[in-house]
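As a plain string of letters, each chain reads:
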Amino acid sequence: MSGQFEASVEIDRPVEAVFAYLADGRHDPEFSPRVQEITKTPDGPTAVGTVFRSTVKDAGMKTGREFRIVGLDAPHLIRWTEQSRNLVTAEGGYDLESLPGGRTRVRIFNTLEGHGLGKLLVGLALSAARKDAPDFGRRIKAAAEASLKA
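Thresholds, definitions, all that
Residues numbered from 1 in each chain as written. Predicted model: local features only at pLDDT ≥ 70, side-chain atom pairs only at ≥ 80, totals over all residues. Heavy atoms only, no water. Helix = DSSP H or I, 4+ residues; strand = E, 2+ residues; numbered from the N terminus. Rg over C-alpha atoms; globule rule 2.2 N^0.38 Å. Phe/Tyr/Trp six-rings, centres within 6.5 Å; stacked < 30°, edge-to-face > 60°. Buried < 20%, exposed > 50% of the residue type's maximum accessible area, 1.4 Å probe, protein only. Pairing = 2+ DSSP bridges. Core = buried A, V, L, I, M, F, W, Y, C linked by side-chain atoms within 4.5 Å. Contact = heavy atoms within 4.5 Å. Patch = residues over 30% accessible without salt bridge, like charges linked within 9 Å, V, L, I, M, F, W, Y side chains within 5 Å. Areas by Shrake-Rupley, 256 points an atom, 1.4 Å probe, with all protein chains shown as cover. Salt bridge = Lys/Arg side-chain N within 4 Å of Asp/Glu carboxyl O.

An account of the overall build of the chain is needed here, citing residue identities and associated values.
If you tally the helices and strands in the chain, you get two helices and seven strands. Scanning the chain from its N terminus toward the C terminus, one meets helices and strands in the order β-α-β-β-β-β-β-β-α. Relative to a compact globule of 150 residues, whose C-alpha radius of gyration would be 15 Å, the chain shows 15 Å and is just as compact. Seen along its three principal axes, the alpha-carbon backbone of the chain occupies a region of about 50 × 35 × 25 Å.

Give me the packing of aromatic side chains: which residues, what numbers.
Both the distance between ring centres and the angle between the ring planes are used here to describe each pair of aromatic rings. Scanning all chains against the criterion turns up three aromatic pairs. Seen in terms of ring centroids, Y21 and F31 are 6.4 Å apart; in terms of plane orientation they differ by 50°. Their pairing is tilted. Highlighted residues: Y21 in helix α1 (residues 15–23) and F31 in the loop between α1 and β2 (35–41), separated in sequence by ten residues. When the centroid spacing of 5.0 Å and the interplanar angle of 70° are considered together, the rings of W80 and Y94 count as edge-to-face. Of this pair, W80 sits in strand β5 (residues 77–82) while Y94 is found in strand β6 (residues 88–99), placing the two residues 14 residues apart along the sequence. One aromatic cluster in this structure is built from Y21, F31 and F136.

Help me get a handle on the pairing of strand β1 (residues 2–11), residues and values and all.
Here β1 shows a clear split, with G3, F5, A7, V9 and I11 buried on one side and none of S2, Q4, E6, S8 and E10 buried on the other. In the sheet, β1 pairs with strand β7 (residues 103–114) via ten bridges, with the strands oriented antiparallel. The residue of β7 that forms the bridge with E10 is R105.

So, the nonpolar core: which residues are in play, and what are the values?
The biggest cluster of nonpolar side chains holds 34 residues, and the ones touching the most others in it are L22 and Y94. Every element with two or more residues in this core is listed here: β1, α1, β2, β3 (51–58), β5, β6, β7 and α2 (118–147). Residue contacts for L22: discarding those within four places in its chain leaves F31, I78, Y94, L96, V106 and I140.

Please give an account of a nonpolar patch on the surface that cites residues and values.
Side chains of L87, L117, L120, L121 and L124 sit close together on the surface and give an oily, nonpolar patch of about 540 Å² of accessible area. Looking at the element boundaries, L124 is found in helix α2.

So what's going on with the pattern of salt bridges? Residues and values would help.
Inspection of every chain in the model, using the stated rule, returns 16 salt bridges. K141 serves as the salt-bridge partner of D12, at 3.6 Å between the closest nitrogen and oxygen. Remark: K141 occurs in helix α2 and D12 occurs in the loop between β1 and α1; sequence separation between them is 129 residues. Among the residues examined, D12 registers a relative accessible area of 34% and is labelled partly exposed. Between E82 and R65 there is a salt bridge; the shortest N-O distance is 2.8 Å. Of the two residues, E82 is situated in strand β5 and R65 in strand β4 (residues 61–73); the sequence distance between them amounts to 17 residues.

Break down unusual backbone geometry for me, with residues and values.
Phi is mostly negative for residues that are not glycine, and the peptide bonds are mostly trans. The peptide bond linking T41 to P42 adopts the cis configuration, its omega dihedral lying at -5°. Within the element layout of this structure, P42 appears in the loop between β2 and β3. Here the amide bond leading from A74 into P75 is cis, since omega sits at -5°, within 30 degrees of zero.

In structure tokens, the structure reads:
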């Protein structure tokens, strides 16, 4: 079983700056409280093939996650897929659109998929993610605007 959640938010910063911020997944802890720590390989600018490894805490359990960037088209598209072997995995991305006045519309989406026993859990994970999606978008907006001072 799998399913998708998404959120859209408008950020009061130019699309190029928002893209650079979101493409560097090391910013994820700034807006995703479940991300405990995160690293990037290799050093340098994010590109197709870049891997982000994180420790996340979901439902009181810590797990290791590994995401590979599989699509990057600056400044409008970022795509990732999870490489780790967890009960529930994700693939998704950001779509960015330049708006008048130096603003950016960001659409984030993830498709969650259950594996093994995760097929029983994915519905709960998806429900929680959908419920949190609007707040997740607001956290991205707040973090990006705070980090990218005008």
